[in-house]
Amino acid sequence: IWAREVAKSLDNGLEKTLSDLARHIREIDQLPKSGMPGRLREDLSESIDHAKQRIGQDDFCKHAADLASTLTSIQAATRDTAIAMAGEQKRVITEAQSDLQNLPDWKELTQEEKSTAMSQVENLMIDTAEDLSGLKARINQYFVIGSRVSELKRGIEQTGNQRRRERLEQEKEKAKQAGKTKLSRSVKVPKKVTGAYQIDDLISNLQLVREEVAVYD
């Protein structure tokens, strides 16, 4: 009788419910423990424990409706997190673009190069399904965004250094022809510091002067 009841329940949709539940439980347990994925794990811990308890009982087939309801709750919470992470991804993309534009070497790029860099960051945005698979894809994309933006930063810095070096070499040669032996540079210092960004700008400008001096020498 028990076997017939189990077989009937499985035929009535319990098999798919158990399969989907098992996948969600397994993959949610593998999500990062921090950020939005971590909060999802915490929020669903009770529901997942409840589902495990039900599945482990001999009469689990009698709880088909309860298990289906638990799966629906887990899927809904996962969908909400996937949607929230889509918004977070947009914020990260915008922040990355701003970081590139604030690099001291950004001004060394041509307009075309700037547009290309902005497009490359924008293209890191992915559009995925609002489910567990989509959530995992967006989590993985965070690492892709971080890695690619770091590469772009290094490339911009290398381009800026190379162009400053070339410009300084030309300036050095002209100065040499004019009989000059010293490099003259001025750094604007704010009369009053009202924000950390002013200190950052001053440090960046001093670093650029130091690099120019090293090339000039």
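Rules behind the numbers
- Residues numbered from 1 in each chain as written.
- Predicted model: local features only at pLDDT ≥ 70, side-chain atom pairs only at ≥ 80, totals over all residues.
- Heavy atoms only, no water.
- Axes fitted to C-alpha atoms, helices over the stretch in contact; angles between N-to-C directions.
- Helix = DSSP H or I, 4+ residues; strand = E, 2+ residues; numbered from the N terminus.
- Parallel < 35°, antiparallel > 145°, perpendicular 65-115°, else oblique.
- Contact = heavy atoms within 4.5 Å.
- Nonpolar A, V, L, I, M, F, W, Y, C, P; charged D, E, K, R; others polar.
- Polar contact = N/O pair within 3.5 Å; in protein donor to acceptor, adjacent residues only side chain to side chain.
- Salt bridge = Lys/Arg side-chain N within 4 Å of Asp/Glu carboxyl O.
- Buried < 20%, exposed > 50% of the residue type's maximum accessible area, 1.4 Å probe, protein only.
- Expected span 1.5 Å × (residues − 1).
- Bend = angle between axes of the 7 residues up to and from the residue.
- pLDDT = per-residue confidence, 0-100.

Visitor: Whenever I open this one, the packing of helix 2 (residues 35–55) against helix 3 (residues 64–101) confuses me. Can you help?
Guide: Each packed pair of helices is defined by two parameters, the angle between the axes and the distance between the axes. With their axes 10 Å apart at the nearest point, helix 2 and helix 3 run at an angle of 170° to one another. Here helix 2 is positioned roughly antiparallel relative to helix 3, judged by the angle of their axes. On the side of helix 2, the interface is formed by Met36, Pro37, Leu40, Leu44, Ser47, Ile48, His50, Ala51, Arg54 and Ile55, while helix 3 contributes Asp66, Leu67, Thr70, Ile74, Ala77, Thr78, Thr81, Ala84, Met85 and Glu88. Considered class by class, the residues forming the contact of helix 2 with helix 3 number twelve nonpolar, five polar and three charged.

Visitor: Even after reading the chapter, I still don't get the side chain of Arg164, so can you show me in this structure?
Guide: Mapped onto the secondary structure, Arg164 falls in helix 5 (residues 132–177). Polar contacts involving the side chain of Arg164 include one to the side chain of Asn161, which spans 2.4 Å.

Visitor: Can you walk me through the pattern of salt bridges in this structure?
Guide: It is possible for side chains of opposite charge to pair when their charged atoms get near one another. Considering all chains together, one arrives at eleven salt bridges under this definition. Between Arg41 and Asp29 there is a salt bridge, and its shortest N-O distance comes to 3.8 Å. Residue Arg41 is located in helix 2, and its partner Asp29 is located in helix 1 (residues 2–29); the two are separated by twelve residues in the primary sequence. Residue classification places Asp29 among the exposed residues on the basis of a relative accessible area of 52%. Here Glu95 makes a salt bridge to Arg91, at a shortest N to O gap of 3.0 Å. Residue Glu95 and its partner Arg91 are located together in helix 3, separated by four residues, close to a single helical turn. With a relative accessible area of 41%, Glu95 lands in the partly exposed category. Take Arg91: its relative accessible area is 39%, and that puts it in the partly exposed class.

Visitor: Where do I start with the environment of Val121 in this structure?
Guide: Among the structural elements, Val121 can be located in helix 4 (residues 111–122). Judged by its relative accessible area of 0%, Val121 is buried.

Visitor: Would you mind showing me how to read helix 2 here?
Guide: In an α-helix, one full turn covers 3.6 residues, which means residues spaced three or four apart are oriented alike. Taking 1.5 Å of rise per residue, 21 residues should cover 30 Å, and helix 2 covers 29 Å from first to last C-alpha, within 8% of that figure. Ser45 marks the point of greatest bend in helix 2, at about 50°. Here helix 2 has its buried residues at Pro37, Gly38, Leu40, Leu44, Ile48 and Ala51.

Visitor: Help me understand the confidence of the model for the chain, please; the structure alone is not making it clear to me.
Guide: In low-pLDDT regions, the fine details of the predicted coordinates are not to be read closely. Looking at the chain, pLDDT values average 83 and 78% of them are 70 or higher. Across the chain, the secondary-structure element scoring lowest on mean pLDDT is helix 6 (residues 196–216), at 66, and the one scoring highest is helix 4, at 97. Here residues 1–11 scores under 50 on pLDDT; set against residues more than four positions off or in separate chains, the count is eleven contacts.

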